Amino acid sequence: MRLLTWICRIPVGLLFIFSGLIKANDPMGFGFKLEEYFVVFGIEWLSPLAVSLSILICSLEIVLGVAVLLGARIRLTAWGLLLLILFFTWLTFYSAWFNKVTDCGCFGDAIKLTPWQSFTKDLILLALILPIFLYRRRIQPVFSKTGSNLALLLAAVLSLGFGLYTYFYLPVVDLLPYKVGNHLPSLMTMPPDAEPDVFKVIYTLKNKKTGELREMDDKEYLSTKIWENPDWEYVKASDPILVKKGYTPLFMISVSAMQTAWHSQMNC
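Because the structure is a prediction, the values reported are computed rather than measured. (Residues numbered from 1 in each chain as written. Predicted model: local features only at pLDDT ≥ 70, side-chain atom pairs only at ≥ 80, totals over all residues. Heavy atoms only, no water.)

K.L.:
Hey, could you run me through the environment of Leu-21 in this one?
P.N.:
Structurally, Leu-21 can be placed in helix α1 (residues 2–24). With relative accessibility at 40%, the residue Leu-21 sits in the partly exposed group. With 141 residues separating them in the primary sequence, Leu-21 and Phe-162 have C-alpha atoms 8.5 Å apart. Those residues in contact with Leu-21 that sit more than four places away from it in its chain are Ile-62 and Phe-162. (Helix = DSSP H or I, 4+ residues; strand = E, 2+ residues; numbered from the N terminus. Buried < 20%, exposed > 50% of the residue type's maximum accessible area, 1.4 Å probe, protein only. Contact = heavy atoms within 4.5 Å.)

And the structure:
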C-alpha cells in the first residue's frame, strides 16, 4: 500500500502545485474566470471578492500539493483533496454538459482545456486521490510534526506572497498573446494553410398546399433552389451553427476572453 500511495501522491501533489502556481501567476485572470462561474450560478454578489478568492484558492492548491507530497497533516489533507476534487468534478461536468463555461481556467493561460477534457482530468485526479484518502492512516510524514507544520506555513506564506506580488505588479511569466515583444498584427492573421470555422444555417420552409414544414441546411437549400418552387414559402432561417472549429488567431482568442469578462462585470 505504501508504494501505491506514493504512486498516487507524487502526480497529485505536483499537479496541484503546478495548477496553483500557474493561476497565481495571473490572479486577476483567474478572478475573471471565477466571475463567469458566479454569473452562471447567480451569485454575482461574490464578484467583488473574485480576486481575493482567486489568490486564496491558488494558495490552497499549492499548500495541499506540498502537504500530500510530505505526508503532512495527512488526514486533514486527504479530506481536503477529496472534497475539493469532488466539487471540481461536479463543476466541470456541469460546465461540459450544459456548455456554460467553455474554459475552466484550471491551468490559466498555459494549457487550455475543453470542458470535457477538464472533466476527464478531474476523473483521473479523483481516481488518484481515492487511494490516498482510503489509506491515509498508513501514510507516514516525511518530516516530524514540527517540521511538517513549518513546511506548510512556509508554503502558505510564499504562495500568498506570490499571488499578491503578481496582482500588484505583473505576472512573472506572461503567457498572454499580447505580451511585450509580440507583434500583434501577425497574431491577428490567418496562416495561408489554416482552415476557418465551418458553419451551417438551417432553413425552414412551408408547403402552401399541405402546410408541411420542411427543414434543410444551406447546401441543400442552394442546390435544390426550392425558393423557385411556388408551392413552398420561406418561414425562417436559424442563426449560424458551428459545424467544425477551425483556426482562431491567438490575439482574437484573447480579445474574446476579455470581452466575456467585461460583459460579466457589466451584468453584475
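K.L.:
Help me out: how do you make sense of the packing of aromatic side chains in this one?
P.N.:
One pair of aromatic rings is described through two measures. These are the centre distance and the angle between the planes. Applying the stated criterion across every chain, the model contains 16 aromatic pairs. Aromatic side chains Phe-41 and Tyr-94 sit 5.1 Å apart centroid to centroid with 35 degrees between the ring planes, which places their arrangement in the tilted category. Highlighted residues: Phe-41 in the loop between α2 (27–40) and α3 (50–70) and Tyr-94 in helix α4 (residues 74–98), separated in sequence by 53 residues. Given a relative accessible area of 31%, Phe-41 falls into the partly exposed group. Between Phe-93 and Trp-97, the aromatic rings sit 5.8 Å apart at their centres with planes inclined by 25 degrees, giving stacked as the arrangement. Of this pair, Phe-93 and Trp-97 both sit in helix α4, four residues apart, which is roughly one turn of the helix. What makes Trp-97 exposed here is its relative accessible area of 56%. Members of the aromatic cluster, joined through ring pairs, are Phe-41, Phe-87, Phe-88, Trp-90, Tyr-94 and Phe-98. (Phe/Tyr/Trp six-rings, centres within 6.5 Å; stacked < 30°, edge-to-face > 60°.)

K.L.:
Explanation requested: α1 in the structure shown.
P.N.:
The periodicity of an α-helix, 3.6 residues per turn, causes residues three or four places apart in sequence to face the same way. Its 23 residues place the ends of α1 32 Å apart at the C-alpha level, agreeing with the 33 Å of an ideal helix rising 1.5 Å per residue. Taken together, the buried positions of α1 are Thr-5, Cys-8, Arg-9, Val-12, Gly-13, Phe-16, Ile-17, Ser-19, Gly-20, Ile-22, Lys-23 and Ala-24. For α1, the elements touching its buried residues are α2, α3, α4, α5 (115–134) and α6 (145–168). (Expected span 1.5 Å × (residues − 1).)

K.L.:
Honestly, the nonpolar core in this entry has me stumped. Any pointers?
P.N.:
Within soluble globular proteins, side chains that are nonpolar generally end up buried alongside one another. Grouped together as the largest cluster of nonpolar side chains are 17 residues, with contacts concentrated most on Val-12, Phe-16, Leu-81, Ile-129 and Ile-132. If you tally residues by element for this core, the top one is α4, at six residues. Setting aside residues up to four positions removed in sequence, Phe-16 forms contacts with Glu-61, Ile-62, Leu-64, Gly-65, Leu-81, Leu-84, Leu-125 and Ile-129. Counting residues in hydrophobic clusters, the runner-up holds 11 residues, among them Ile-62, Val-66, Leu-70 and Ala-155. (Core = buried A, V, L, I, M, F, W, Y, C linked by side-chain atoms within 4.5 Å.)

K.L.:
Even after reading the chapter, I still don't get the pairing of strand β3 (residues 213–217), so can you show me in this structure?
P.N.:
Every other side chain in a regular strand lies on the same face of the sheet, so the side chains alternate between the two faces. Sheet topology note: the strand β2 (residues 202–207)/β3 ladder contains five bridges and is antiparallel. Of the residues in β3, the one forming a bridge with Lys-206 is Leu-213. In this antiparallel pair of consecutive strands, β2 and β3, the connection spans five residues, and Gly-211 shows a positive phi of 80 degrees. (Pairing = 2+ DSSP bridges.)

K.L.:
How should I be thinking about the environment of Gly-31 in this particular structure?
P.N.:
With respect to the secondary-structure elements, Gly-31 resides in helix α2. Expressed as a C-alpha distance, the spacing of Gly-31 and Leu-49, which sit 18 residues apart in the sequence, is 8.5 Å.

K.L.:
Could you clarify how one ought to interpret unusual backbone geometry in this entry?
P.N.:
The general pattern is negative phi for most residues beyond glycine and trans for most peptide bonds. Unlike most non-glycine residues, Arg-73 shows phi in positive territory, near 45 degrees. Its location among the elements puts Arg-73 in the loop between α3 and α4. The exposure class of Arg-73 is partly exposed, given its relative accessible area of 48%. One non-glycine residue, Lys-225, adopts positive backbone phi at about 50 degrees.

K.L.:
So what exactly am I meant to see when it comes to α6 here?
P.N.:
The terminal C-alpha atoms of α6 lie 35 Å apart, and with 24 residues this matches the ideal 34 Å at 1.5 Å per residue to within 8%. Those residues of α6 that sit buried are Ser-148, Ala-151, Leu-152, Ala-155, Ser-159, Gly-163 and Thr-166.

K.L.:
Would you mind showing me how to read the environment of Thr-120 here?
P.N.:
Following the sequence through the fold, Thr-120 ends up in helix α5. Residue classification places Thr-120 among the partly exposed residues on the basis of a relative accessible area of 42%. Along the sequence, Thr-120 and Thr-89 sit 31 residues apart, while their C-alpha atoms lie 8.5 Å from each other.

K.L.:
How should the sheet that holds β3 be read in this particular structure?
P.N.:
The strand order across the open sheet formed by three strands is β3-β2-β4, and the pairing between neighbours is antiparallel. A single partner strand is all that each edge strand has here, and the edge strands are β3 and β4 (232–237). Each strand of the sheet is rotated relative to its neighbour by a mean of 30 degrees, with strand direction disregarded. The pairing of β2 with β4 spans five bridges and is antiparallel. Looking across to β4, one finds that Lys-206 is bridged to Glu-233. (Axes fitted to C-alpha atoms, helices over the stretch in contact; angles between N-to-C directions.)

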